[in-house]
Amino acid sequence: MSLNIAPETSCENGARIGVYVCRCGLNIAQTVDCEKVAQSAKGIDGVVMAKDIAYACSEPGQMEIREDIREHDLDRIVVGSCSPRLHEITFRRMMHQAGLNPYLLEMANLREQCSWVHMKEPAAATLKAEDLIKMSISRVRLLYPLYEETIPLTKRTLVIGAGVAGIQAALDLADSGYEVVMVEKSPSIGGTMAQLDKTFPTMDCSI
Amino acid sequence: MADAGRHPNITIHTLSEVVDVKGYVGNFNVRVLKKARYVDEKQCTSCGECSNVCPVVFPDEFNMGLSSRKAVYIPFPQAVPSSYVVNMNECMGRGCSKCLEVCDKKCIQFHMSDETINVKAGSIIVATGLEPYDPREMDEYGYTRFENVVTSLEFERLVNAGGPTKGDVIRPKDRKHPESVGFIQCVGSRSKKKGGEYCSNVCCMNTIKSSLVLKEHNPDISVKVFYMDIRAFGKGFEELYNRSRRSGVQYLRGLPGSVEELDNGSMRVAVENTATGRIEFHDLDMLVLALGIKPSNGTRKLQEMLGLQLNPDGFYLEAHPKLQPVDAATRGIFYAGCAEGPKDIKESVTQGTAAAARAVRLMHKGAITSEPITSMVIESQCKSCGICAEVCPYNAISVDVKKKIPAKVNTAACAGCGTCAAECQFGSIVMNHFTDEQILSQVDTMLGENAMDKILTFACNWCSYAGADYAGVSRLQYPPNARLIRTMCSGRVDEKFIWHAFEKGAPVVLVSGCHIGDCHYIDANHWTRKRIEKVRKKMAKKGIRPERLQLEWISAAEGVRFSNVMADMEKLRQKVSTEEIAETAKILAKKDQKTTRESGHA
């Protein structure tokens, strides 16, 4: 891993941004030149630190980012890794643990939407990764803290369909102390399972 | 089944359907239509006197029509609730009333009517099951023509001790005990032409089981299975397959091309045995079609009500195929069983348990944290025009147009699609985490260098961005100059983002979202469509080619479609010249000056 610590700078609104380019083992690094991408982020307004990292989502990866946050007083983070649909929650939690507002995080999708889909064009993929990181930096600079609200919840589950899967879910919930309402369109519960004779692989009765 | 029926924490509504779902995670309000049973299910003792006297006879659905039942009946002996039911469409009504006379407990009530039940729930488990494939489509197997061709489910009833023949295997046409039985695999599965392209998962093992049941009944019976691949991948499956082969069941690789009936009622099956490469004819007393699994009939309706996604095969799409196999993309909704894809009993039970655990995980705290990605009104700028309230799919915005009281957002009800912010003409709504400035900064940075090489794409989080992810997971390659900007919903894509992009030199702009009817925010993408049509008309008026702005619906499962759309966008981009881009920028800059001047005068 290379440490590419940029000279300490801060931008107009005083943001201190840390940029992490995840190699995801080889998932990203085999196509995208992660070190080069991290280098390209250095010197951008507000970027205090930019580096590539083996597995950002792993505990050592998260710890490294958390330590950087503490040591370099970072207040916003850009993670270039997999899809935010997969790990946004992971990194928001990390932000929270580091004492930052979880909504001051931005992710650049360098795996699903870069390295995996441009495998034969490493130069273009690297260029795209640089672009995506830059776009994330622009965005993260303008993010502001958001706070979750706690709202009451009804401790009851509606189970639609009372075949074997629905019945199992209903029983487990009911045994755990939750109220369950089952809705079944036919006159009896049981579903397709109830019509079967013996069932594989144990050849026992279905009902 | 019986455990569920008597559990104090479980309320069962049979003959019921969900007709409307409102609310959000933690607080769903569900309307259930409960059809009248015409029998008081709490009072009924299942004595069966009513059924004995009922003069109306109909085919019994539970036995797949292989036996008959009356208009007042119990679906099967172990039914839960253990109560009879009257099918009013079949019943002769008050003119007959024989059942009313014999029912000592007076539980039959013809005046009963359908009721609507409102259920408040914190979470929902979708376990809507399956529909067996309808084999009438594959008439080469003669299901509609020959009585001795039965489906696997009909066969199940024939071998069942509780079935119409009390487990005595006979063939339907002449009630003779068959001496040879053939099974045809993959009926409605793994075919591009008929049925589904997917493997239905259970039919191989079900046939193997049935072959053993037949051999148990009659060790001398000849059993032949026509298959393309035997998939015995589960624990204990291979062992069962070997047992079946050891017991003398013949497995022939090749699916029959045609089936004919012989004079004695038997079936002549013509098949190319791919092991020998020869056409063979097999005469069999009875033929069983191993039916594939289809999504249940109500899937589409429920999917629209709950704002869920389906995979190309029509089953519900999970949030992640490996890491969140029972979660829907919508928080608070989980899947169990065949609703999510074909599976056997063990897997269905596993998923049922998993879904319950996921629901407990959500509910055990008794409170839920709401996402702060909601919209906010800047009251001082609001002109109380009411458009935001009109477009909000959740009725989360209230505004008094007559009294000019500024709009107000109910953050608990706001789901964060951002359509209101995109439609507000006065810039008075801020969409948290997806503000105009935040999105425009992404556009500016993207187009800061080599703008003319780039394909600017707005993608909604739930469908098209997920579709792009799916293309990634499938390693589908597409042009590397595509650049995505994620919004929660395509409804967030403000007209001004598009104008700004063109002014900054974007050759093409793609707005992508969920298919109409599949929008994660009920119907917010209707507004996207209207807006894009409007912008394209304006483009034409200004002398900018409207084709440069594209709108595509790409679902979370359509990775292939996403990569194809990107390839098409690249073709489109190549047709846009530097001069054209410069001309567009000039046209749009002029308009900007004009508006500045106008506002200056005002």
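Relevant structure appears above.
Per-chain numbering applies: the sequence of each chain, read as written, is numbered from 1 onward. Whichever chain is written first is A, and whichever ligand is written first is 1; the rest continue in order. Confidence filtering applies because this is a predicted model: local features only for residues at pLDDT of at least 70, side-chain atom pairs given and counted only at 80 or more, and all residues used for totals across whole chains, interfaces and linings. Water and hydrogen atoms play no part in the side-chain values, which are based on all heavy atoms of the structure.

**So, the pattern of salt bridges**
Next up, step 1: Think of a salt bridge as a Lys or Arg side-chain nitrogen and an Asp or Glu carboxyl oxygen that are within 4 Å of each other. Enumeration over the complete set of coordinates arrives at 49 salt bridges over all chains.
Next up, step 2: Its salt-bridge partner being A:R139, residue A:E106 comes within 2.9 Å of it at the nearest N-O pair. Of this pair, A:E106 sits in strand β4 (residues 105-109) while A:R139 sits in helix α5 (residues 122-142), placing them 33 residues apart in sequence.
Next up, step 3: Here B:K343 makes a salt bridge to B:E340, at a shortest N to O gap of 2.6 Å.
Next up, step 4: When salt bridges with common partners are traced through the structure, they connect B:D436, B:R492, B:D494 and B:K496 into a single cluster. Secondary structure elements follow DSSP: runs of H or I of four or more residues count as helices, runs of E of two or more count as strands, with numbering from the N terminus.

**Concerning unusual backbone geometry**
Next up, step 1: Omega for the peptide link from A:F200 to A:P201 comes to -5°, which places this bond in the cis form.
Next up, step 2: Among the structural elements, A:P201 can be located in the loop between β8 (198-199) and β9 (204-205).
Next up, step 3: Residue B:V80 is joined to B:P81 through a cis peptide bond whose omega torsion reads 0°.
Next up, step 4: Within the fold, B:P81 resides in the loop between β6 (72-73) and β7 (85-86).

**A short note on the packing of aromatic side chains**
Any pair of aromatic rings gets described here by the distance separating the centres and the angle formed by the planes.
Next up, step 1: Stacked, tilted and edge-to-face pairs are distinguished by plane angle, under 30 degrees for stacked and over 60 for edge-to-face with tilted covering the rest, among Phe, Tyr and Trp rings (Trp via its six-membered ring) whose centres lie within 6.5 Å. Tallied over the full model, the rule gives 11 aromatic pairs over all chains.
Next up, step 2: Judged by centre distance (6.4 Å) and plane angle (70°), the rings of B:Y227 and B:Y251 are edge-to-face. Of this pair, B:Y227 sits in strand β13 (residues 222-227) while B:Y251 is found in strand β14 (residues 250-253), placing the two residues 24 residues apart along the sequence.
Next up, step 3: According to the relative accessible area criterion, B:Y227 is buried, its value standing at 13%.
Next up, step 4: Residue exposure (1.4 Å probe, protein chains only): buried if accessible area is under 20% of the type maximum, exposed if over 50%, otherwise partly exposed. Its relative accessible area of 15% is what places B:Y251 among the buried residues.
Next up, step 5: Here a set of aromatic residues connected by ring pairs shows up, and it is made of A:F200, B:F233 and B:F237.
Next up, step 6: Here the guanidinium or amino end of B:R245 rests over the ring plane of B:Y241, the centre of that ring lying 4.6 Å away.
Next up, step 7: When the NZ atom of lysine or the CZ atom of arginine is within 6 Å of a ring's centre and also within 35 degrees of its normal, the charge is said to sit over that ring. The ring of B:W499 is capped by B:K542, whose NZ or CZ atom sits 5.2 Å from the centre of that ring.

**Regarding the packing of helix α4 (residues 152-159) of chain B against helix α5 (residues 203-217) of chain B**
Residue and element names in this part refer to chain B.
Next up, step 1: Remark: α4 packs on α5, axes separated minimally by 12 Å, with the N-to-C direction vectors making an angle of 30°. Our classification of the angle between α4 and α5 gives roughly parallel. The chirality of how α4 crosses α5 is left-handed. Of the residues in α5, those in contact with S152, F155, E156 and V159 of α4 are N206, K209, S210, V213, L214 and H217. To get an axis, a line is fitted to the C-alpha atoms, and for a helix only the part in contact is used. The angle between two axes follows their N-to-C directions and goes from 0 to 180 degrees. With respect to orientation, any angle under 35 degrees is reported as roughly parallel, any angle over 145 as roughly antiparallel, any angle of 65 to 115 as roughly perpendicular, and every other angle as oblique. Helix crossings get a hand from a simple test, with the near helix turned counterclockwise from the far one by less than a right angle marking a left-handed crossing and a clockwise turn marking a right-handed one. Only heavy atoms enter the contact rule, under which two residues are in contact if any of them lie within 4.5 Å.

Keep in mind that these numbers describe shape and distance, not what the molecule does.
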